[in-house]
Amino acid sequence: MREALYWEPLEGGKVRCKLCPLNCIISEGKRGSCKIRKNIGGKLYTLNYGKVSAIGADPVEKKPLFHFWPGSCALSISTVGCNMHCKHCQNWEISQADENFPYLHDMTPEMVVAITKRYGCESIAYTYNEPVIWYEFVLDTAKLAKKEGIYNLLITNGYINEEPFRELAPYIDAMNIDIKAFSDEFYMKIAGVPSGEPSRRTAVIAKKDFGIHVELTYLIIPTLNDKEEEIRAFARWVVNELGDDTPVHFSRFFPHYQLRHLPPTPLETMDMAYRVAREEGLKFVYIGNVPGHPGENTCCPRCGKPLIVRYGFEITEYNITEDGRCKYCGEKIPIVGTYKKKHYPGMWW
């Protein structure tokens, strides 16, 4: 436990957390919506600093990041808590838990960096639950990792206020931002927050102001965010605000947590999303959670040849030159880094 960053005292011993757009007003002895930031004696404390719920070495494609050092190894770490309460969360056991979660391990930023180097991972991915509410630990670890030449990957819902994000952003190399839907109604009813606008704002700031490599994920849930007009509006926003070379991952929903009554996303819906996004001008559209789908592959936007062929998170064919061009026609491909074939020890806890 340590004093949190980004808060202010209010009258009557209350505090206002200023980390995320919920801006929770918290009475003495109470917690914010994330369950992990608590008012103790008129000060705001974070209860999960250095509390690690899972750690393991993953292919970077699992994040998913398809255009950032393909094939490289990311040390994935997580804690507990989240500032959203998505009814479909696949990691709800940790995202909706607090510091009493029974499988937490205490770690320091120095330990995380040392493990990353020991196992030959090129990056640290803050992932599985929402890293925004682990802000203080992520910031300290990312600063240290940067000094050691290790990349920092933020796998996030992007729901963070602008000031704290701008402090963290210089230490972040790549982000996958989960855009839950393209309607505020979904965010209110399914994610438990008023609007998705802050997440979209984070994506724009990250790419335009800091040059962070940004990829987006949109989980398609039957009956909730799967309408063609909504997906088309999302794709149009990406093209207009982030650029047509921004990788977008449409992921297939499977029943989880509080949405077990819904069916898996039909493959026809996944194909529709792929078609619509390409029609709106996106050059790099991917289909996730459908192993073997051709939408897993990176194709050249000029000649159409397959450049990176994948099966799940494994690269089976790589046809991009060392200087980042299509091997067949010479088109420049927006890939950060070159292909690295790695061995992944897997999850440790």
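Calculation notes
- Residues numbered from 1 in each chain as written.
- Predicted model: local features only at pLDDT ≥ 70, side-chain atom pairs only at ≥ 80, totals over all residues.
- Heavy atoms only, no water.
- UniProt positions renumbered as here; feature names shortened; annotations may be inferred.
- Helix = DSSP H or I, 4+ residues; strand = E, 2+ residues; numbered from the N terminus.
- Axes fitted to C-alpha atoms, helices over the stretch in contact; angles between N-to-C directions.
- Parallel < 35°, antiparallel > 145°, perpendicular 65-115°, else oblique.
- Left-handed = near helix turned anticlockwise from the far one by under 90°.
- Contact = heavy atoms within 4.5 Å.
- Phe/Tyr/Trp six-rings, centres within 6.5 Å; stacked < 30°, edge-to-face > 60°.
- Buried < 20%, exposed > 50% of the residue type's maximum accessible area, 1.4 Å probe, protein only.
- Lys NZ or Arg CZ within 6 Å of the ring centre and 35° of its normal.
- Core = buried A, V, L, I, M, F, W, Y, C linked by side-chain atoms within 4.5 Å.
- Domains from an automatic or database assignment.
- Salt bridge = Lys/Arg side-chain N within 4 Å of Asp/Glu carboxyl O.
- Pairing = 2+ DSSP bridges.
- Arc of directions from axis to C-beta.

- Going by an unreviewed UniProt entry, the protein carries the name Radical SAM core domain-containing protein and comes from Thermococcus guaymasensis DSM 11113.

Topic: the UniProt feature "domain: Radical SAM core" (unreviewed entry) in the protein
- Taken from the UniProt record, the annotation "domain: Radical SAM core" (unreviewed entry) applies to residues 67-294.
- End C-alpha atoms of residues 67-294 are separated by 17 Å, and the span's content is 36% helix alongside 18% strand.

Some details on the packing of helix α2 (residues 109-118) against helix α3 (residues 135-147)
- For the pair α2 and α3, interaxial distance at closest approach is 9 Å and the crossing angle is 45 degrees. For the element pair α2 / α3, the angle class is oblique. As for the relative orientation of α2 and α3, their crossing is right-handed in sense. From α2, Pro109, Glu110, Val112 and Val113 reach across to α3, where they touch Phe137, Asp140, Thr141, Leu144 and Ala145.

Let's talk about the packing of aromatic side chains
- Scanning the entire structure with this criterion turns up 16 aromatic pairs.
- Between the aromatic rings of Tyr6 and Tyr135, the centroid separation amounts to 5.8 Å while the plane-to-plane angle is 90 degrees, which identifies the pairing as edge-to-face. Highlighted residues: Tyr6 in the loop between β1 (2-3) and β2 (7-9) and Tyr135 in helix α3, separated in sequence by 129 residues.
- On the accessibility criterion, Tyr135 (1% relative accessible area) is buried.
- Members of the aromatic cluster, connected to one another through ring pairs, are Phe182, Tyr218, Phe234, Trp237 and Phe250.
- It is Arg200 that lies over the ring of Phe182; its NZ or CZ is 5.0 Å from the centre.
- Between Arg310 and the ring centre of Phe66, over which it is positioned, the NZ or CZ distance is 3.9 Å.

Quick notes on the nonpolar core
- Counting 84 residues, the largest nonpolar core has Ile77, Leu216, Phe234 and Phe250 as its most contacted members.
- For this core, the leading source of residues is α3, giving six residues.
- Counting the residues that make up this core, at least three belong to each of domain 1 (2-46) and domain 2 (51-326).
- Setting aside anything within four residues of it in sequence, one finds Ile77 in contact with Ala54, Ile55, Val112, Ile124, Ala125, Tyr126, Thr127, Trp134 and Phe137.
- In this structure, Phe284, Tyr318, Ile320 and Cys326 belong to the second largest nonpolar core, which totals twelve residues.

Brief notes about the pattern of salt bridges
- With the rule as written, the count across this model stands at 25 salt bridges.
- Close ionic contact of Arg37 with Glu136 constitutes a salt bridge, the shortest N to O distance being 2.4 Å. Here Glu136 lies in helix α3 and Arg37 lies in strand β5 (residues 37-40), a separation of 99 residues in the sequence.
- According to the relative accessible area criterion, Arg37 is buried, its value standing at 2%.
- With a relative accessible area of 5%, Glu136 lands in the buried category.
- As a salt-bridge pair, Glu241 and Lys208 come within 4.0 Å of each other at their nearest N and O atoms. With Glu241 in helix α7 (residues 228-241) and Lys208 in helix α6 (residues 197-210), this residue pair connects regions lying 33 residues apart in the sequence.

Details of the sheet that holds strand β18 (residues 306-311)
- Taken together, three strands build an open sheet; the order of strands is β17-β18-β19 and the sheet is antiparallel. For this open sheet the edge positions go to β17 (298-299) and β19 (314-318), each flanked by a neighbour on one side alone.
- Sheet topology note: the β17/β18 ladder contains two bridges and is antiparallel. Bridged to Cys299 within β18 is Pro306.

Brief notes about the pairing of β18
- As consecutive antiparallel partners, β17 and β18 are separated by six residues, and within that stretch Gly304 has a phi angle of approximately 80 degrees, a positive value.
- Inspection of the sheet shows β18 paired to β19 by four bridges, in the antiparallel sense. Directly across from Tyr311, in β19, lies its bridge partner Glu314.
- Where β18 folds back onto β19 in an antiparallel hairpin, the turn is made up of two residues, including Gly312, whose phi is positive at roughly 65 degrees.

Quick word on α2
- Those residues of α2 that sit buried are Pro109, Val112, Val113, Ile115 and Thr116. The buried residues of α2 occupy one face: seen down the axis, they fall within an arc of 160 degrees. Along α2, the residues that are exposed and aim more than 90 degrees away from the buried face are Glu110 and Arg118.
- Elements in contact with the buried residues of α2: β8 (54-59), β9 (73-78), β11 (123-126) and α3.
- The positive-phi residue at the C-terminal boundary of α2 is Gly120, with phi of around 70 degrees.

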